[in-house]
Amino acid sequence: MPRDITVRELIQRLQTYDADRIVRLATAPDFPFAHYLGALIEGRDDAGLHCVFLGDGGQQSYLPRPVAVALRWTPDTTGQRERRRAVPATSR
């Protein structure tokens, strides 16, 4: 379920990572892509709330499968090989 996140919370979450890591935006769960971050702009949303908008800086590539799995956008199928049951032949 979507929820708002504040600048403070975003900063706190980002501080748990190495400060030299690159940041990408993951979008489109049904067809996942990684995007560069673009401009940051302050404005108001449809409800009139003050917001900071993170602009899309362009598509980088497809989202790596392990990332899509971690986001729960793609099922984890590693190690889950489908076994086919042998069906006995029947004669008529």
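Presented here is an overview of the structure given in this document. (Residues numbered from 1 in each chain as written. Predicted model: local features only at pLDDT ≥ 70, side-chain atom pairs only at ≥ 80, totals over all residues. Heavy atoms only, no water.)

**Observations concerning the side chain of H35**
In step 1: Tracing the chain through its elements places H35 in strand β2 (residues 33-44).
In step 2: A polar contact is formed between the side chain of H35 and the side chain of T27, at a distance of 3.2 Å.
In step 3: A polar atom in the side chain of H35 sits 3.0 Å from the side chain of D56.
In step 4: Filtering out sequence-adjacent residues up to four positions away, H35 remains in contact with R24, L25, T27, D56, G58, Q59 and Q60. (Helix = DSSP H or I, 4+ residues; strand = E, 2+ residues; numbered from the N terminus. Polar contact = N/O pair within 3.5 Å; in protein donor to acceptor, adjacent residues only side chain to side chain. Contact = heavy atoms within 4.5 Å.)

**Points about the packing of aromatic side chains**
In step 1: Under the counting rule described, the total for this entry stands at three aromatic pairs.
In step 2: Ring centres 6.0 Å apart and planes at 85 degrees place the aromatic pair F31 and Y62 in the edge-to-face group. Residue F31 is found in the loop between β1 (24-27) and β2, and its partner Y62 is found in strand β3 (residues 50-62); the two are separated by 31 residues along the sequence.
In step 3: Under the relative-accessibility criterion, Y62 is labelled exposed at 55%.
In step 4: Seen from their ring centres, F33 and Y62 are 4.9 Å apart, and the 25 degrees between their planes marks the pair as stacked. With F33 in strand β2 and Y62 in strand β3, this residue pair connects regions lying 29 residues apart in the sequence. (Phe/Tyr/Trp six-rings, centres within 6.5 Å; stacked < 30°, edge-to-face > 60°. Buried < 20%, exposed > 50% of the residue type's maximum accessible area, 1.4 Å probe, protein only.)

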